[in-house]
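Listed here are the chains, written in short residue letters.
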Amino acid sequence: MKSPSFLLLPEGPTKNVARYTSVLDLIGETPIVDASALSPNPNVKIWAKLEGRNPAGSVKDRVALSLVEAAERDGILVPGKAGQVLIEPSSGNTGIALAMVCRMRGYHLKVVLPTNVSIERRQLLEVFGAEIIESPGDEGSNGAVKRARILAQEHPEWVFLYQYANPANPNAHYTHTGPEIFRDVPEITHFVAGLGTSGTLLGVGRFLKEQKSATQIWAIEPPTGEMVDGLRNLDDGYIPPIFADLGGAEILDRKIVVRPKESIEWTRRMTEIGLFVGISSGAIMAGAVRCASQIPEGESATIVTIACDDGWKYLSTGAWTDDIDTVVERAKKVIYF
Amino acid sequence: MTVSVRLPTVLRVQAGGQAVVELDGTTIGKVLTTLVDTFPGLKGQVISEDGTLNKFVNIYINDDDVRYLQQLDTPVSDGDEISILPAVAGGAH
């Protein structure tokens, strides 16, 4: 007799270990799911790596743990010692992940947060006990970085891990995310991810190119919008130090802007295959779809994308439920990447 | 080829306050040369003295960063939209 399908055990790899001694052991080893149903090209497969499965909910859990562990190895942070304070600029996910790690380790975290992030991002920082220092929303992440650098200079007693300049950021992806992707999808031809600090792209990109030099690395970024209006001259611009130090320009093969409307459209389309992910993941999927549509006829390709986080933190933006033009206007005013 | 070039706020002063200018050229480099010839105040800002792109400037053709295409040799077509933008710390989680 054939068993009803709901009684069948799921196929695929099973983890041998189901018990963990720490939540921090749950970071990484995220699943990759076939998203090819969204591919516009039948010869191009698309896989999405679900980073929302990390315990604090995003790809940044990997970075936060790597930053803190590196500082502990270097003796900059000492677990259990009283009165240790960290400061970090973040528009959300790094702050949330660091807040979780710091809470567990007993460090006090101050996060410089632009005022225009979703309410859920702010609340999650508070959940894990981080102190929020506001930076002007119209200056975006650039403003948060600037303010954090000034505060860190004024308070040399605070530990400034500075994800934009700390090699432990790309290193988390070079030693974990990249190898996981290559192990799970060895036929990969293109890696498409978001560009913020550039940590994911540099770490995964370098690892993949070392394995297969022909792997194409595509960076997706949101439009800078109005935040660049405040710059007084071009030299006020900012390139993450890790990008310059690690030869980012040599690792990337393409860099494209995906606008809010397309980002939200693809965030919604992803629910067709059961993926409830954050808006930056929609932007990255839009980029992967553009990449797929540019593969010449007769050629095949395998794209791996990163779904940075899940959709929970963006419910208040109405991204899935409100009129799309209204949501797009809202998205132009908040940082969703 | 006529393309529209969008200037960032910080460069508009040297371009008579205009946000978008229509220019001719067959490549990004040629369009930018015409831009600087038209508005000499922009000299040295977008393209450095050594003829390369200023590292704090990103130039996009229809949302594609030309640094990862053919840089200043990237060909342009009629109706393309070129944007000149300062490099800033983007979204970043």
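Conventions and cut-offs
- Residues numbered from 1 in each chain as written.
- Chains lettered and ligands numbered in written order.
- Predicted model: local features only at pLDDT ≥ 70, side-chain atom pairs only at ≥ 80, totals over all residues.
- Heavy atoms only, no water.
- Helix = DSSP H or I, 4+ residues; strand = E, 2+ residues; numbered from the N terminus.
- Rg over C-alpha atoms; globule rule 2.2 N^0.38 Å.
- Buried < 20%, exposed > 50% of the residue type's maximum accessible area, 1.4 Å probe, protein only.
- Contact = heavy atoms within 4.5 Å.
- Areas by Shrake-Rupley, 256 points an atom, 1.4 Å probe, with all protein chains shown as cover.
- Domains from an automatic or database assignment.
- Buried area = accessible area lost by both parts, 1.4 Å probe.
- Salt bridge = Lys/Arg side-chain N within 4 Å of Asp/Glu carboxyl O.
- Nonpolar A, V, L, I, M, F, W, Y, C, P; charged D, E, K, R; others polar.
- Phe/Tyr/Trp six-rings, centres within 6.5 Å; stacked < 30°, edge-to-face > 60°.
- Lys NZ or Arg CZ within 6 Å of the ring centre and 35° of its normal.
- Expected span 1.5 Å × (residues − 1).
- Core = buried A, V, L, I, M, F, W, Y, C linked by side-chain atoms within 4.5 Å.
- Pairing = 2+ DSSP bridges.
- Axes fitted to C-alpha atoms, helices over the stretch in contact; angles between N-to-C directions.
- Parallel < 35°, antiparallel > 145°, perpendicular 65-115°, else oblique.

Counting its regular elements, chain B contains 2 helices and 5 strands. When the helices and strands of chain B are read in sequence order from the N terminus, they spell out β-α-β-α-β-β-β. For 93 residues, the compact-globule estimate of 2.2 N^0.38 gives 12 Å, and chain B sits close to it at 12 Å. Counting over 93 residues, chain B shows a buried share of 56%. Long-range pairs, those at least 24 residues apart, make up 49% of the contacts in chain B between residues at least 6 apart in sequence. Total accessible area on chain B is roughly 4,100 Å²; 49% of this is exposed by carbon and sulfur atoms.

We now examine the domain arrangement of chain A. All names here are of chain A. Domains assigned within chain A are domain 1 (23-54 + 172-327) and domain 2 (60-160). Each of domain 1 and domain 2 has a C-alpha centre, and these two points are 24 Å apart. With 27 residues of domain 1 at the contact, the number on the domain 2 side is 24 residues. Between domain 1 and domain 2, roughly 1,800 Å² of surface is buried when both sides are summed, and carbon and sulfur atoms account for 59% of that area. The interface formed by domain 1 and domain 2 contains 2 salt bridges. With its nearest N and O atoms 2.9 Å apart, the salt bridge here joins Glu180 to Arg62. Per-element tally for the side of domain 1 that touches domain 2: the top contributor is helix α5 (residues 168-184), with 5 residues. When the residues that make up the side of domain 1 that touches domain 2 are grouped by side-chain class, the tally is 10 nonpolar, 9 polar and 8 charged.

Residues and elements named next belong to chain A. Within the structure shown, the criterion is met by 23 salt bridges over all chains. Here Glu51 ties to Arg62 by a salt bridge, and the two come within 2.7 Å at their closest N and O atoms. Of the two residues, Glu51 is situated in the loop between β2 (44-50) and α1 (60-73) and Arg62 in helix α1; the sequence distance between them amounts to 11 residues. No difference in accessibility class separates Glu51 from Arg62, as the two residues are buried. Between Glu329 and Lys332 there is a salt bridge, with the nearest N and O atoms lying 3.2 Å from each other. Placement of the pair is Glu329 and Lys332 together in helix α11 (residues 324-333), with a separation of 3 residues, close to one helical turn.

Residues and elements named next belong to chain A. With the rule as written, the count across this model stands at 7 aromatic pairs over all chains. Ring centres of Tyr162 and Tyr164 lie 6.3 Å apart, and the angle between their planes is 50°; this geometry places the pair in the tilted category. Of the residues examined, Tyr164 reaches a relative accessible area of 2% and is grouped as buried. By way of ring pairs, the aromatic residues Phe160, Tyr162, Tyr164 and Tyr238 are connected into one cluster. Over the face of the ring belonging to Tyr174 we find Arg206, whose NZ or CZ atom lies 4.3 Å from the ring centre.

Once that is clear, we can look at helix α2 (residues 93-105) of chain A. Residues and elements named next belong to chain A. The end-to-end C-alpha separation of α2 is 18 Å, in line with the 18 Å expected for 13 residues at 1.5 Å each. Among the 13 residues that make up α2, 10 are buried, leaving the element largely enclosed by the rest of the structure. When α2 is considered as a whole, its buried residues turn out to be Asn93, Thr94, Gly95, Ile96, Ala97, Leu98, Ala99, Met100, Val101 and Cys102. On its buried face, α2 sits against α1, β3 (85-89), β4 (108-114) and α3 (119-127). Residue Gly106 follows α2 closely and has a positive phi angle near 85°.

What follows is about the nonpolar core. Residues and elements named next belong to chain A. Formed by 62 residues in total, the largest nonpolar core has its most connected members in Ile46, Ile181, Phe191, Leu201, Ile220, Met285 and Ile303. Here this core gets 9 residues from one element, more than from any other, and that element is helix α10 (residues 279-293). Excluding residues that lie within four positions of it along the chain, Ile46 makes contacts with Val33, Asp34, Ala35, Ser36, Ser39, Met285, Ala288, Val289, Ala292, Ile303 and Thr305. Judged by nonpolar contacts, the second largest core, of 31 residues, contains Ala64, Val101, Tyr107 and Ala130.

Right, let's talk about the sheet that holds β3(A) for a bit. Residues and elements named next belong to chain A. Read across the sheet, 4 strands follow the order β5-β4-β3-β6 without closing on themselves; strand pairing throughout is parallel. What marks the edges here is a single partner per strand, and that holds for β5 (131-135) and β6 (159-160). Here β3 runs beside β6; their pairing, made up of 2 bridges, is parallel. Bridging from a neighbouring strand, Leu86 pairs with Val159 of β6. In the packing of α2 onto the sheet, contacts are made with β3 and β4, and the angle to β4 comes to roughly 170°. Against the sheet, helix α4 (residues 140-154) contacts β3, β4, β5 and β6, and its axis sits at roughly 140° relative to β4.

Across 5 bridges, β4(A) lies against β5(A) in parallel orientation. Bridging from a neighbouring strand, Leu113(A) pairs with Glu134(A) of β5(A).

Residue and element names in this part refer to chain A. Taken N-terminus to C-terminus, the directions of α2 and α3 make an angle of 10°; their axes are 8 Å apart at the nearest point. Taken as axis vectors, α2 and α3 run roughly parallel relative to one another. Facing Gly95, Ile96, Ala99 and Arg103 of α2, the residues of α3 in contact are Arg121, Leu124, Leu125 and Val127.

Residue and element names in this part refer to chain A. With respect to the helices and strands, the residue Pro179 is situated in helix α5. Between the C-alpha atoms of Pro179 and Gly83, which are 96 residues apart in sequence, the distance is 37 Å. Those residues in contact with Pro179 that lie beyond four places of it in its chain are His173, Tyr174 and Phe207.

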